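# Secondary and tertiary structure notes
This is what each chain is made of:
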Amino acid sequence: MRLSTYNFLTSKAIKGVKVGFPLKLTIAKQDVVESEFNPTFIERLLPRLDWSGIRLAAEVAGLNDDIPAELPANVAENEELLKKLHHLLLEIDVLEGQLECPETGRVFPITDGIPNMLLNEDEV
Amino acid sequence: MACIKLKKLEEYLHGVDTFEKPKIKLEQYITPPHIASCVLYNIQTLYGDIEGKYVGDLGCGSGMLSIGSFLLGAGMTTGFEIDDDALNIFQTNVTDMELPGIDCVLCDVLTLSNNEKWENAFDTIVTNPPFGTKNNSGIDMLFVQTGVNLASRAVYSFHKSSTRDYIHKKVKDWNVKGNVVAELKYNIDTSYSFHKSKSVDINVDFWRFDVSEKNL
Ligand SMILES: C[S@@+](CC[C@H](N)C(=O)[O-])C[C@H]1O[C@@H](n2cnc3c(N)ncnc32)[C@H](O)[C@@H]1O
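Residues numbered from 1 in each chain as written. Chains lettered and ligands numbered in written order. Predicted model: local features only at pLDDT ≥ 70, side-chain atom pairs only at ≥ 80, totals over all residues. Heavy atoms only, no water.

Before going further, it helps to spend a moment on the UniProt feature "domain: Methyltransferase small" (unreviewed entry) in chain B. Here the UniProt-annotated "domain: Methyltransferase small" (unreviewed entry) positions come out as residues 46–136 of chain B. For residues 46–136 of chain B, the end-to-end C-alpha separation is 33 Å, with 25% helix and 24% strand making up the annotated structure. (UniProt positions renumbered as here; feature names shortened; annotations may be inferred. Helix = DSSP H or I, 4+ residues; strand = E, 2+ residues; numbered from the N terminus.)

Structure, rendered in structure tokens:
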């Protein structure tokens, strides 16, 4: 699971959960998969992402110092930051770990790189 | 323009491993590599909907459409699938082919619209949905509806040609423009050995849905 994908996941489908975001991420095993840097792609992706979720991901992945507290207004001209975001969001691959619902504590395991977001019938 | 030759793309897609024990209830059969490569190549060359785009694949199975999209230059591709056996093969395919920008989520596609985070997350959605022949009639259009919700540019999908008029009418309600990009004929039963004796080719339409003015 890439950390860009993490940014979209919620536990809102659980009965009674109001927001279900951000999920509490724990990483037991991560890998880095290098990929071609495409600044335009990152720039276009950013408005769809939640900055607090990006910050959380950076913290858990141990890349805290790379990501500023607020999204700078001129990010398009800041190639250095775009590269760091590319690395964090598209190159870090979470292989083992878990996502936890902030409201109910329900755990969604990440196994072999696959987050399991399936719910039982009695949870929805 | 495409960043890879059609022939090369098809060659790669022939290397995508398929379902090991296809589950009939989930309508698990792959998009044949020849067809997958042709339609994806056309999505890119005719409409520019893949290169540099964020592409989502609903019911991604072992990854044929996700992998094809990534080879055509997608910035990133995410697949959604309800069956973890299929996703394990998906992951093996991605690792074996050493493709960097592809991941997947184990979930029910029909619940994705409940999470507004996914709304407009993607530029383009591709899907080869279950056709709804296993006591789940209408599921193909629920996949399209989910796709319309998740995409900001276009949704591409396969449907039985016999449903063409119905689909035209249905998507109008969402203010989505649909057109049939290709008329195909293929055998979807080949993966179920006990069907072999009576399996026949069926007529399938490949659709493009323009969602830029959607109103769901
Ligand atoms: C016709 S196959 C296509 C597989 C793959 N996309 C391909 O083109 O080779 C349909 C896929 O949808 C999956 N599927 C069926 N119902 C689903 C659901 N509710 N949510 C997610 N995936 C589903 C099946 O397991 C199967 O892998």
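Every contact between the two is made by 27 residues of chain A and, on the other side, 28 residues of chain B. For the pair chain A and chain B, the summed buried surface comes to about 2200 Å²; carbon and sulfur atoms form 60% of the total. Our count for the contact surface shared by chain A and chain B stands at four salt bridges. Ionic pairing is found between K117 of chain B and D50 of chain A, a salt bridge with its closest N-O pair at 3.8 Å. The interface formed by chain A and chain B holds 13 residue pairs in polar contact (both at pLDDT 80 or more) in total. Secondary-structure elements contributing two or more residues to the side of chain A that touches chain B are helix 1 (3–6), helix 2 (39–45) and strand 4 (114–115) of chain A. Element by element, the count of residues in the side of chain A that touches chain B is highest for helix 2 of chain A, at three residues. A class-by-class count of the residues in the side of chain A that touches chain B yields 12 nonpolar, eight polar and seven charged. (Contact = heavy atoms within 4.5 Å. Buried area = accessible area lost by both parts, 1.4 Å probe. Salt bridge = Lys/Arg side-chain N within 4 Å of Asp/Glu carboxyl O. Polar contact = N/O pair within 3.5 Å; in protein donor to acceptor, adjacent residues only side chain to side chain. Nonpolar A, V, L, I, M, F, W, Y, C, P; charged D, E, K, R; others polar.)

Residue and element names in this part refer to chain B. Here the largest pocket is characterised by a volume of approximately 520 Å³. Looking at the largest pocket, it is lined by 29 residues, and the ones nearest its centre are L26, G59, E81, P130 and F143. Those elements that place two or more of their residues in the lining of the largest pocket are helix 3 (64–71) and helix 5 (139–150). Tallied by class, residues from the lining of the largest pocket come to 15 nonpolar, eight polar and six charged. (1 Å grid on protein atoms, 1.4 Å probe; cavity = no way out; pocket = protein on both sides within 12 Å on 5 of 7 lines; lining within 4 Å. Points joined across faces, edges and corners; volume = space filled by probe spheres on them.)

Moving on to empty space enclosed by the protein. Residue and element names in this part refer to chain B. Counted under the stated rule, the structure contains one cavity of 30 Å³ or more. In this structure, the largest cavity encloses a volume near 30 Å³. Around the largest cavity sit V39, L40, I43, L65, V126, T127, Y156, F158 and F206, which together line it. Elements with a contribution of two residues or more to the lining of the largest cavity: helix 2 (33–47), strand 4 (122–127) and strand 5 (151–160).

Looking now at the pattern of salt bridges. Within this structure, the stated rule accounts for 15 salt bridges over all chains. For E123 of chain A, the salt bridge goes to R106 of chain A, with nearest N and O atoms at 2.5 Å. With E123 of chain A in the segment after strand 4 and R106 of chain A in the loop between strand 2 (92–100) and strand 3 (107–111), the pair connects residues that are 17 residues apart, well separated along the chain. For E183 of chain B, the salt bridge goes to R164 of chain B, with nearest N and O atoms at 3.6 Å. You can see E183 of chain B sitting in strand 6 (residues 177–186) and its partner R164 of chain B sitting in helix 6 (residues 164–172), a full 19 residues away along the chain. The class of R164 of chain B is partly exposed, set by a relative accessible area of 26%. Within this structure, R44 and R48 of chain A together with D123 of chain B form a network of salt bridges that share partners. (Buried < 20%, exposed > 50% of the residue type's maximum accessible area, 1.4 Å probe, protein only.)

Take helix 3 of chain B next. All names here are of chain B. Burial runs high along helix 3: eight of the eight residues are buried. Listed as buried for helix 3 are M64, L65, S66, I67, G68, S69, F70 and L71. Backbone geometry just after helix 3 places G73 at a positive phi near 100 degrees.

So, on to the sheet that holds strand 7 (residues 202–210) of chain B. All names here are of chain B. The seven strands lie next to each other as 3-2-1-4-5-7-6, forming an open sheet whose pairing is mixed. Because the sheet does not close on itself, it has two edges, and the strands there are strand 3 (102–106) and strand 6. Averaged over all pairs of adjacent strands, the angle between their axes in this sheet comes to 20 degrees, without regard to strand direction. Sheet topology places strand 2 (residues 76–81) next to strand 3; five bridges connect them, and they run parallel. Looking across to strand 3, one finds that T77 is bridged to I102. This element, helix 4 (residues 84–96), spans strand 2 and strand 3 of the sheet and lies at about 170 degrees to strand 3. Relative to the sheet, helix 6 contacts strand 5, strand 6 and strand 7, its axis offset from that of strand 7 by approximately 15 degrees. (Pairing = 2+ DSSP bridges. Axes fitted to C-alpha atoms, helices over the stretch in contact; angles between N-to-C directions.)

A few words now on the site of the ligand. Residues and elements named next belong to chain B. Around the ligand, the surrounding shell holds 20 residues, and the nearest of these are T31, G59, E81, D108 and V109. One nitrogen or oxygen atom from the main chain of I82 is found 3.3 Å from a nitrogen atom belonging to the ligand. Taken by itself the ligand offers 600 Å² of open surface, and the protein chains cover 98% of this. With respect to the detected pockets, the ligand is housed in the largest pocket. For the shell around the ligand, the per-class residue count stands at 12 nonpolar, five polar and three charged. (Near = heavy atom within 4 Å. Areas by Shrake-Rupley, 256 points an atom, 1.4 Å probe, with all protein chains shown as cover. Sits in = over half its atoms within 2 Å of the grid points.)

This part takes up the packing of aromatic side chains. The final tally for this structure, using the stated rule, is 12 aromatic pairs over all chains. Note on F8 of chain A and W118 of chain B: the rings are 4.7 Å apart at their centroids and 20 degrees apart in plane angle, and the pair reads as stacked. Placement of F8 of chain A in the loop between helix 1 and strand 1 (24–32) and of W118 of chain B in the loop between strand 3 and strand 4 is noted, with the two residues assigned to different chains. Owing to a relative accessible area of 0%, F8 of chain A belongs among the buried residues under this scheme. Taken together, the ring pairs in this structure connect F8 and F41 of chain A together with Y54, F80, W118 and F122 of chain B into an aromatic cluster. Above the plane of the ring of Y12 of chain B lies K8 of chain B, whose end atom (NZ or CZ) is 5.9 Å from the centre. Here K117 of chain B stacks its cationic end above the ring of F21 of chain A, 3.9 Å away from the centre of that ring. (Phe/Tyr/Trp six-rings, centres within 6.5 Å; stacked < 30°, edge-to-face > 60°. Lys NZ or Arg CZ within 6 Å of the ring centre and 35° of its normal.)

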